[in-house]
Amino acid sequence: MTSPRADGPGHRRTRPTRARILEAARQELGRDPDSSLSDIAEAAGVVRRTVYAHFTGRSALIEGLAAEAAEALRHALAAVAVPGADADRDPDAGTALARFVLALWPVGDRFRTLLRLAPQDLRTGRKDEILAPARDMAAAIIERGQRQGVFPTGVPPAPLSRALEAFLLALLECVNAGSWRDDGTRAATAALIAVGVDGGLAAAQVRELSRPASETPHA
């Protein structure tokens, strides 16, 4: 079956409605993972048949949220610099990892309700697909840090990036449970400590990155 043109005028007119439904779904499902499509329609200010006009059912709606999360993650990753081949000119890998977590934490926080929904509402492997680009970037940063001598080399970059991913997802689950509150700075500090950076140095690096530009000393 041929899909309608994504750039047609009708599609452009329905984008705001679709976005409103997805935002309502994010909020309602965050409040109650068992929220019905009727609940979401009411929160979005539309009738249920309007929801069905955009999404064939609950699974399609959750996939819409997952697609939004994947896009937001790609945008956040695009703003993060990965240390390259020039160790003298590149930023310290610890700074790069802290910047990585600070950039991604708001995305994770916004879409953390998907962590609750993934087991039953997303197809097998979908969460892994969404997180793969971030995992690969984390592994690249860790590999560079180990070469720079910034991070210990006891655990190879690939499994360490997996462990770091699980750690950060666990912190987001704690936000869901109400036992952790953060703007990303605590998570970034914890991430540096998790890969082997001294606690005091980790806190100082994150604090420096979090300072307003007006407070940053000029050379």
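Within each chain, residues carry numbers counting from 1 in the order of the written sequence. Predicted model: local features are reported for residues with pLDDT of at least 70 only, side-chain atom pairs are reported and counted for 80 or more only, and whole-chain, interface and lining totals are derived from all residues. Note that water and hydrogens are dropped before the side-chain values are worked out from all heavy atoms of the structure.

1. Thoughts on helix H4 (residues 58-78)
Here comes step 1: Here a strand is any run of E in DSSP of at least two residues, a helix any run of H or I of at least four, and the numbering for each starts at the N terminus. Between the first and last residue of a helix there are one fewer steps than residues, each counted as 1.5 Å, and that sum is the expected span. The end-to-end C-alpha distance of H4, which contains 21 residues, comes to 31 Å, matching closely the 30 Å that a straight helix rising 1.5 Å per residue would cover.
Here comes step 2: Relative accessibility thresholds used throughout: buried, under 20% of the residue-type maximum; exposed, over 50%; partly exposed, between the two (1.4 Å probe, protein chains only). Of the residues making up H4, those classed as buried are Leu 61, Ile 62, Gly 64, Leu 65, Ala 66, Ala 69, Ala 70, Leu 73, Ala 76 and Leu 77.

2. Thoughts on the side chain of Thr 113
Here comes step 1: Its place among the elements puts Thr 113 in helix H6 (residues 113-121).
Here comes step 2: By relative accessible area, which is 5% here, Thr 113 ends up buried.
Here comes step 3: Think of a polar contact as two N or O atoms within 3.5 Å of one another; within protein, one of them needs to be a possible hydrogen donor and the other a possible acceptor, and neighboring residues in sequence only count if both atoms come from side chains. At 3.4 Å, the side chain of Thr 113 and the backbone nitrogen of Gly 30 are in polar contact.
Here comes step 4: Here Thr 113 is in contact with Arg 26, Leu 29, Gly 30 and Asn 176, once residues within four sequence places are set aside. Contacts were defined at the residue level, with two residues in contact if any of their heavy atoms lie within 4.5 Å.

3. Observations regarding the nonpolar core
Here comes step 1: Take the buried residues of types Ala, Val, Leu, Ile, Met, Phe, Trp, Tyr and Cys, join any two whose side-chain atoms come within 4.5 Å, and each joined set is a nonpolar core. Among the nonpolar cores identified, the biggest contains 62 residues, and Ile 21, Ile 40, Leu 61, Leu 97, Phe 100 and Val 195 are the most heavily contacted of them.
Here comes step 2: Among the elements that line this core, the one with the most residues is helix H5 (residues 93-110), at ten residues.
Here comes step 3: In contact with Ile 40, not counting residues within four places along its chain, are Ile 21, Ala 24, Ala 25, Glu 28, Leu 29 and Leu 61.

4. Some details on the packing of H5 against helix H10 (residues 199-210)
Here comes step 1: Whenever a helix is involved, its axis is fitted only over the stretch in contact; in every case the axis is a line through C-alpha atoms, and angles between N-to-C directions fall within 0 to 180 degrees. The N-to-C vectors of H5 and H10 enclose an angle of 60°; their axes lie 10 Å apart at closest approach. Put simply, H5 runs oblique to H10. For the pair H5 and H10, the sense of crossing is right-handed. In contact with Gly 94, Thr 95, Ala 98, Arg 99 and Leu 102 of H5, H10 contributes Gln 205, Val 206, Leu 209 and Ser 210.
Here comes step 2: Tallied by class, residues from the contact of H5 with H10 come to four nonpolar, four polar and one charged. For classification, angles of less than 35 degrees are called roughly parallel, those exceeding 145 degrees roughly antiparallel, those between 65 and 115 degrees roughly perpendicular, and all remaining angles oblique. Crossing handedness is defined as follows: a turn of the near helix away from the far one that is anticlockwise and smaller than a right angle gives a left-handed crossing, while the clockwise case is right-handed. Residue classes follow a fixed rule: Ala, Val, Leu, Ile, Met, Phe, Trp, Tyr, Cys and Pro count as nonpolar, while Asp, Glu, Lys and Arg count as charged, and any other residue, Gly among them, counts as polar.

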